[in-house]
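Commentary on secondary and tertiary structure
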Amino acid sequence: MDKTKFNNRREWRKFGIGLGVILCAVAAVQLLKGRPAAPYFLAAGAVSAGLGIAMPAALKPLFVVLLVLGEILGWISTRVLLAALFYAVLTPIALIRRLAGRGPMPMAPEPKASTYWIERGKKFDDPASFENQF
């Protein structure tokens, strides 16, 4: 976490103005849908933007709390998404391949084999074959 933002007035100001804009946009959507919460969002947005312009230091506690909360949520969501990807995509692919008899590597021992080395051919003997690979 970049803690240098905790003591930066410019970051507090950007946060206050950005939060004000977002809250005003939410108020506009609420107003278009005819919901009674629109004035509250508009007032909170105006206060946030006003504090961001006039007294950004007043927004520091909220800024720090939301920044830490965002870091925690980002850490959790990354793990959840990666676990879901692994178990929903990669695990079924591996199971299907194994059921079909195509594992990632030949795992069965071959008692008659003198070595498990796989001969790749002569094209790699020339050092020029490693130049301009793409």
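Overview of the structure. Every residue gets a number counted from 1 within its own chain, in the order that chain's sequence is written. Under the rules for a predicted model, residues below a pLDDT of 70 receive no local features and side-chain atom pairs below 80 are neither given nor counted, while totals for whole chains, interfaces and linings still include all residues. Side-chain measures were taken over the full set of non-hydrogen atoms in the model, leaving aside hydrogen atoms and water.

1. Description of the pattern of salt bridges
One speaks of a salt bridge when a side-chain nitrogen belonging to Lys or Arg is within 4 Å of a carboxyl oxygen belonging to Asp or Glu. Overall, the coordinates contain one salt bridge when judged by the stated rule. One salt bridge connects K14 with E11, and the closest N-O pair in it is separated by 3.4 Å. With a gap of three residues between them, K14 and E11 both fall in helix 1 (residues 9-32), about one helical turn apart. A simple rule labels every residue: compare its accessible area, found with a 1.4 Å probe on the protein chains alone, to the largest value its type can have, and call it buried under 20%, exposed over 50%, or partly exposed in between. Since its relative accessible area comes to 17%, E11 is described here as buried. Each helix is a run of H or I in the DSSP string that is no shorter than four residues. Each strand is a run of E no shorter than two, and both are numbered from the N terminus.

2. Here we look at the side chain of S48
Positionally, S48 belongs in helix 2 (residues 38-54). With residues near it in sequence (within four places) discarded, S48 still touches G16, L19, G20 and L59. Residues count as neighbours in contact if any of their non-hydrogen atoms are within 4.5 Å of one another.

3. Digging into the environment of T4
Tracing the chain through its elements places T4 in the segment before helix 1. Taking the C-alpha atoms as reference points, T4 and I53, 49 residues apart in sequence, are found 20 Å from one another.

4. Structural notes on the packing of aromatic side chains
The pairing test for Phe, Tyr and Trp rings, Trp by its six-membered ring, is centres within 6.5 Å, and the orientation test on the planes gives stacked under 30 degrees, edge-to-face over 60, and tilted for anything in between. Using the criterion set out here, one finds two aromatic pairs in the structure. Taken together, a centroid distance of 5.3 Å and an interplanar angle of 65° make the contact between F15 and F63 edge-to-face. One end of the pair, F15, is in helix 1; the other, F63, is in helix 3 (residues 60-99), and 48 residues separate them in sequence. The pair formed by F15 and F63 is uniform in burial state, with each residue classed as buried. Centroid distance F86 to Y87: 5.0 Å. Interplanar angle 85°. Geometry classified as edge-to-face.

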